[in-house]
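# Survey of secondary and tertiary structure
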Amino acid sequence: MSPVPPTADGPVPTHPLGTRARVLLTSVFGPYARDDEYGSRALNPMELYQNQVTRAEGPFSLRMFHRSWGLMLVQANIHAPCALLDFPTRERFLQELRAFPYDIVGISSILPNLGKVQEMCRLIRESLPRATIVVGGHIANRPGLAEQIDADHIVRGEGVRWFRQFLGEDPRQPIRHPLTLSAFGTRTMGLQVRKKRGEVAATLIPSVGCPVGCNFCATSAMFGGKGKFVNFYETGDELFRVMCGLERALGVRSFFVMDENFLLHRQRALRVLELMQAQGKSWSLYVFSSARVLQSYKIEQLVGLGISWVWMGLEGRASRYAKLSGVDTQALVKTLQSHGIRVLGSSIIGLEEHSPETLPDAIEYSVSHATDFHQFMLYTPIAGTALYAEHLAKGTLLPADQYQEGDIHGQARFNYRHPKIPPGQEGEWVLRAFRRDFEVNGPSVLRIARTILQGWRRYQRHPDRRIQRRFAWEHRELVVTYPATLWAARRWFATRNPALARRLGALLRDIQREIGWRARVAASLGGRVVFSKLVREDQRLKTGWTYEPPTFYEANAPMRAVLAAVLPCPPAPVRWVAAGGSGLVS
């Protein structure tokens, strides 16, 4: 592991029970997609895309949930009896506290959920007064948190090492990677997307932290700031073995790489490419990357590595971030898409130079990239970041009584005095950006069809059969799914946005020419079915329908042994893959 600051203030203590301590790890309680007294906001659901990428796209919005990967990683890497409660309701959380005498309860949270963490600590003290309460996640960076919640330990940084030390285990043990898919509950256009085995990407977590360390990045700050990171797998060989283990255990051929800047670790990435070539792996990788790092690779290397989806910071025209220095981001996006690489661009609303006069042009600049997806976020000084320190030093942070923590999630409010944007206008500006992107570029879930088509045309006869196979697999949805959904969307926008309807129709005809009669039949028959579902979805949303994740309860092997004596049906086991690459059940 690379050197990082301590994961908590001061040395990590050891729990008196060591590995005999019974541990409960939990995310904050739901429901999430509604305004409540604990800080939940309807505007900030437990859905990444609906929250901050496709929020203005109505029935076309991409809806899905992601598991609490950090908690899963901790559970897979400790030997103490450990249960994981993910997305509980308040009642389910309380039921768990009353049903079993846990010795340690760990809660992971982001800052807007401060009220929920306060309530969960209170419930633990009432039900399990002798239990040790551990709180981690982004909320740990909040100044004065120890005075606001009744917790015994606040863990700042990487949690696996901290818990191993706390339980008296060797923190230097190899990292066991949890076996988990990247998303579940996927829904769009009124369709519940039920993927077959192997069609959903596995989650892959090579490291945490980011050496680039942008001043606004809470994730970078959480793991030590600029230049600091923790590699769970130092070499390409280690990482490749884990990927092979995930492939075998989950039947996957794609990976959502949860790493702030995966390609920045160049030696490791290129070694993975060598091993993929040697063993004929036609995997797809969905990665986060800065523009300059992307540009440092040859396009042949990106394609060979299976990079088929990139989340890239665009930030804003003439932004001061070194990761964008000298990069023509519009040309880069166009090049990537021409090689079948889908791009999710990310732009900031509320940079220092932004004002009501300049923001319309700033929004147009972002929209002009025509990325497949586009995230817009308010420029927010999150506790622990360098940007927060800057505003603290300048005295521009708002007093705590002038805003509610639940509103500071990048979509609603500033927590500081912006020099040019009047208070209360910021939320409308970010929504205006989403609406403009949707108006000009259309539904995100359909934009990617153009990129997939470009990749298929370019690489369907590539001399490397490994690359051929990947693009053949990625193009499969051009046969039925996209013809049907494009037909429905063209009809939807025929009167609402005729110019967009014409572009969608042109894309549909391009696909039909490429695919042939199967695409024409799918559009004619399937399109009508999709349109009816689209109309019903729009009606549901207008009546206030919300989307919530189910609750997950999983136990590792030591906890399953403990529970076997008291429960008629044991909970779901924890599954992980060792560094050696074998899928195991703990």
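So, a few notes on the structure that sits alongside this text.

Rules of the game
- Residues numbered from 1 in each chain as written.
- Predicted model: local features only at pLDDT ≥ 70, side-chain atom pairs only at ≥ 80, totals over all residues.
- Heavy atoms only, no water.
- Pairing = 2+ DSSP bridges.
- Helix = DSSP H or I, 4+ residues; strand = E, 2+ residues; numbered from the N terminus.
- Contact = heavy atoms within 4.5 Å.
- Axes fitted to C-alpha atoms, helices over the stretch in contact; angles between N-to-C directions.
- Salt bridge = Lys/Arg side-chain N within 4 Å of Asp/Glu carboxyl O.
- Phe/Tyr/Trp six-rings, centres within 6.5 Å; stacked < 30°, edge-to-face > 60°.
- Buried < 20%, exposed > 50% of the residue type's maximum accessible area, 1.4 Å probe, protein only.
- Lys NZ or Arg CZ within 6 Å of the ring centre and 35° of its normal.

## Quick notes on the sheet that holds strand E1 (residues 23–27)
The mixed open sheet is built from seven strands, whose spatial order is E6-E5-E4-E1-E3-E18-E19. Both outer strands of the open sheet, strand E6 (153–154) and strand E19 (572–573), are each paired with one neighbouring strand and no more. Where strand E5 (residues 132–136) meets E6, two bridges bridge the pair, whose relative direction is parallel. If you follow Val134 over to E6, its bridge partner there is His153. Most of the contacts of helix H3 (residues 90–99) go to E1, to which it runs at about 175°, and overall it touches E1, strand E3 (82–86), strand E4 (104–108) and strand E18 (552–555). Strand contacts of helix H6 (residues 159–166): E1, E4, E5 and E6, with the helix running at about 160° to E5, the strand carrying the most contacts.

## Topic: the pattern of salt bridges
Here the idea is simple: oppositely charged side chains can pair when their charged atoms come close. Summed over all chains, the structure comprises 33 salt bridges. Measuring nitrogen to oxygen at the nearest pair gives 3.0 Å for the salt bridge that ties Arg22 to Asp103. With Arg22 in the segment before E1 and Asp103 in the loop between H3 and E4, this pair connects stretches of sequence that are 81 residues apart. The closest approach of N and O atoms between Arg342 and Glu474, which form a salt bridge, is 3.5 Å. Separated by 132 residues along the polypeptide, Arg342 in strand E16 (residues 342–349) and Glu474 in helix H17 (residues 465–474) bring together distant segments of the chain.

## Examining the packing of aromatic side chains
Where two aromatic rings form a pair, the distance of their centres and the angle of their planes describe that pair. Under the defined criterion, the tally for this structure stands at 29 aromatic pairs. For the pair Phe376 and Phe434, a centre-to-centre distance of 5.3 Å together with 85° between the ring planes defines the contact as edge-to-face. With Phe376 in strand E17 (residues 373–378) and Phe434 in helix H15 (residues 426–441), the pair connects residues that are 58 residues apart, well separated along the chain. For the pair Phe376 and Phe434, one class covers both residues: buried. Among the aromatic residues, those joined into a ring-pair cluster are Tyr49, Trp69, Phe256, Tyr286, Phe288, Trp309, Trp311 and Phe373. Across the ring face of Tyr553, the terminal group of Arg92 is positioned such that the distance to the ring centre comes to 5.3 Å. The lysine or arginine in question, Arg491, covers the ring of Phe531, its NZ or CZ lying 4.1 Å from the ring centre.

## Considering unusual backbone geometry
For the bond from Gly30 to Pro31, the omega torsion is 5°, close enough to zero to count as cis. Along the chain, Pro31 turns up in the loop between E1 and helix H1 (48–52). Even without a glycine there, the phi angle at Phe87 is positive, about 60°. For Phe87, the position within the fold is in the loop between E3 and H3. For Ala370, which is not a glycine, the phi torsion comes out positive at approximately 50°.

These values are about where atoms sit, not about what they do.
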